[in-house]
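# Close look at the chain arrangement
Chain by chain, the residues:
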Amino acid sequence: MNLAIIGTGYVGLTTGTCFAEVGHNVVCIDNNEVKVESLRQGKMPIYEPDLEEMIVTNVSAGRLTFSTDLAAAVRDCEIIFIAVPTPPHDDGSVDLSYIEGVTREIASILTPEMGYRVVVDKSTVPVSTGAKVYKVIERYSHRGVDVDVVSNPEFLREGSAVADLLHPDRIVIGSDSQRAMDLMKRVYQPFNAPIVEVDLASAELIKHAANSFLALKISYINAVSAVCEKAGADVELVAMGIGMDKRISRHFLNAGLGYGGSCFPKDVKGFINVAEQLGAPMEILKEVERVNEAQLERFVGRVRKKLWVLRNKRIAVWGIAFKQNTDDVRESVAVKLIKRLCDEGAIVTAYDPKAAETGAAALQGYSVTICDDMYDCVQDAEVLIVATEWKQFAMANLVKVRERMRLPIIFDGRNIIHGENAVHAGIEYHSIGRKNLYPNK
Ligand SMILES: NC(=O)c1ccc[n+]([C@@H]2O[C@H](COP(=O)([O-])OP(=O)(O)OC[C@H]3O[C@@H](n4cnc5c(N)ncnc54)[C@H](O)[C@@H]3O)[C@@H](O)[C@H]2O)c1
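This is a predicted model, so every value here is computed, not measured.

What counts as what
Counting of residues starts from 1 at the beginning of each chain's written sequence and follows it residue by residue. Thresholds applied to this predicted model are a pLDDT of at least 70 for local features of residues and 80 or more for the giving and counting of side-chain atom pairs; totals over whole chains, interfaces and linings are not thresholded and use all residues. Think of each axis as a best-fit line through the C-alpha atoms, taken over the contacting stretch in the case of a helix, with angles from 0 to 180 degrees between the N-to-C directions. By definition, any uninterrupted DSSP run of H or I lasting at least four residues is a helix, any uninterrupted run of E lasting at least two residues is a strand, and each is numbered from the N terminus. Each crossing gets its handedness from the near helix: less than a right angle anticlockwise from the far helix is left-handed, clockwise is right-handed. Whether two residues are in contact depends on their C-beta atoms, placed from the backbone: they are in contact if these lie within 7 Å. Any residue that is not Ala, Val, Leu, Ile, Met, Phe, Trp, Tyr, Cys, Pro, Asp, Glu, Lys or Arg is counted as polar, Gly included; the first ten are nonpolar and the last four charged. Domain extents, as shown, originate in an automatic or database domain assignment. Two strands pair under a simple rule: DSSP has to find at least two bridges between them. Nearness here has a simple definition: the residue's C-beta atom, placed using the backbone, must lie within 6 Å of the molecule or strand. One less than the residue count of a helix, multiplied by 1.5 Å, gives the span that helix is expected to have. Exposure in this text rests on C-beta crowding, where 20 or more other C-beta atoms within 10 Å of a residue's own make it buried, 12 or fewer make it exposed, and counts in between make it partly exposed. The C-beta atoms are placed from the backbone. Roughly parallel here means an angle under 35 degrees, roughly antiparallel means over 145, roughly perpendicular means 65 to 115, and every remaining angle is called oblique.

Turning to the packing of helix α5 (residues 97–109) against helix α6 (residues 129–140), a few remarks are in order. Relative to each other, α5 and α6 sit at 35 degrees, their axes nearing to 8 Å. Where α5 crosses over α6, the two elements pack in a sense that is right-handed. On the side of α5, the interface is formed by I99, E100, T103, R104, A107 and S108, while α6 contributes T129, V133, V136, I137 and Y140. Grouping the constituent residues of the contact of α5 with α6 by class yields six nonpolar, three polar and two charged.

We now examine the domain arrangement of the protein chain. What the domain assignment reports for the protein chain is domain 1 (2–198) and domain 2 (199–441). The C-alpha centroid of domain 2 is placed 32 Å from the C-alpha centroid of domain 1. Counting residues at the interface gives 31 residues for domain 1 and 26 residues for domain 2. The set of elements that each furnish at least two residues to the side of domain 1 that touches domain 2 consists of α6, β6 (147–151) and β7 (171–174).

A few words now on the sheet that holds strand β13 (residues 409–412). Judged by pairing direction, the sheet is parallel, and its six strands sit side by side in the order β11-β10-β9-β12-β13-β14 without closing on themselves. What marks the edges here is a single partner per strand, and that holds for β11 (368–370) and β14 (428–430). Strand-to-strand, the axes of this sheet are offset by a mean angle of 20 degrees, without reference to chain direction. Across four bridges, the pairing between strand β9 (residues 314–318) and strand β12 (residues 383–386) is parallel.

Attention shifts here to the site of the ligand. In the neighbourhood of the ligand, 26 residues make up the surrounding shell, with G7, G9, V11, S123 and T124 lying closest. Of all elements in the fold, only α1 (10–21) and α5 reach the threshold of two or more residues within the shell around the ligand. Among the residues making up the shell around the ligand, the classes are represented as 11 nonpolar, 11 polar and four charged.

Moving on, we come to helix α12 (residues 283–307). Taking 1.5 Å per residue as the helical rise, α12 with its 25 residues ought to reach 36 Å, and the 37 Å between its terminal C-alpha atoms agrees with that figure. Considered for burial, the residues of α12 that qualify are L285, V288, V291, N292, Q295, L296, F299, V300 and V303. Against the buried residues of α12 lie α9 (200–231), α11 (264–277), α13 (333–343), β12 and β13. Phi for W308, located one or two positions after α12, is positive at around 70 degrees.

Time to look at the packing of α11 against α12. One way to put it is that α11 packs onto α12 with a least axis distance of 9 Å and a crossing angle of 150 degrees. Accordingly, the angle class assigned to the pair α11 and α12 is roughly antiparallel. Considering how the two elements wind past one another, α11 and α12 form a crossing that is left-handed. Contact residues: V268, F271 and I272 in α11; L285, K286, V288 and E289 in α12. Residues that form the contact of α11 with α12 fall into these classes: five nonpolar, no polar and two charged.

Rendered as structure tokens:
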């Protein structure tokens, strides 16, 4: 099938590539000419495991192309996916101007002679956006165009997007048209995954409700971690004990510095906002946000208490990306933490295996030194903070770390370092929701 993807970002590029991988002909459209040109030259705009190889294969096979020509894509493709940003406004509502803009462009290109078209919203949007998209198409296109609008929310996780797309838990398709539904099922037939067929509004709600629930789970275990610290219990053991209950599951019960990234913060805010507008407020999600903010504050407070004052203290931070296996630093808690430490006058060094460049851009104006090597990063540091759960941090040579540090103290904000190993290496070890560990003097 011929598919167009409008918006070649984390979602559009990976989705488009995986559609090509299963045999569709895909054109990825973006209005950023530099991005399209560099993709054509084989340069990756983002880091995502296995993506580059898959792009190369599918471009060579002629199934995947990149273009800025939206008109040609709409003419040539029966199914047009929209994967543009939906950032938050200051009041938490979702900025739908990208969606509206692209929809108007598509509408102005459509003609009755082109035949049937399905416009699919893959971006995360508040419930009833699809109905508005349909209205915009009606308003701005020629009389007699034959179009349906579908919601097909995306559940990929950055860092494992390719695997998530090729082997999804489920595919949600929301449509009020059987014809569009049948066509969409053909798109996804090669994926051999369960398809959840629902109406347009329910599909939109599924995405906001799913992300908000995951954020809720994270805030829940973080709130439990605070109790564990006071009670002398171990949050990892508590998470294991409750996570083995199938009704709960162990996923997303990792205590840490809180959730971040380009999705959870904005989707929780978006869901709170839309629910309020509909007159069915989701007060529970306000508490989820409050716990999330408090978690970072509590952590910084513990580091401050340890060092007495942060001004002029040398603090090394491992991790800038919002999670492992990505270069994405949007709404990264690690970035927030670094800014916070800089604001308090600490001398901060930071290291990330993939997010050095994006991190430097996000931290512009802050006097942080971004290092090329994780051990150089800890040189003369008085505290090392682990802010992102990269595997290589968990596997670090802790003796080397201790030798380089001025004071051997680790604050593990992701509970990934083996505490006993740290202590054996002569390092004082603090983590989330667990007892502090001290080496024998
Ligand atoms: N990133 C994720 O993990 C993820 C997961 C699921 C859903 N989503 C949702 O998917 C949507 C896209 O997210 P993303 O992370 O891929 O964003 P992104 O910022 O990485 O990519 C968006 C792309 O759209 C392009 N664009 C903007 N306006 C355009 C226009 N008028 N015409 C053509 N291209 C245009 C931008 O240049 C950019 O390349 C959002 O709604 C997001 O919430 C994201």
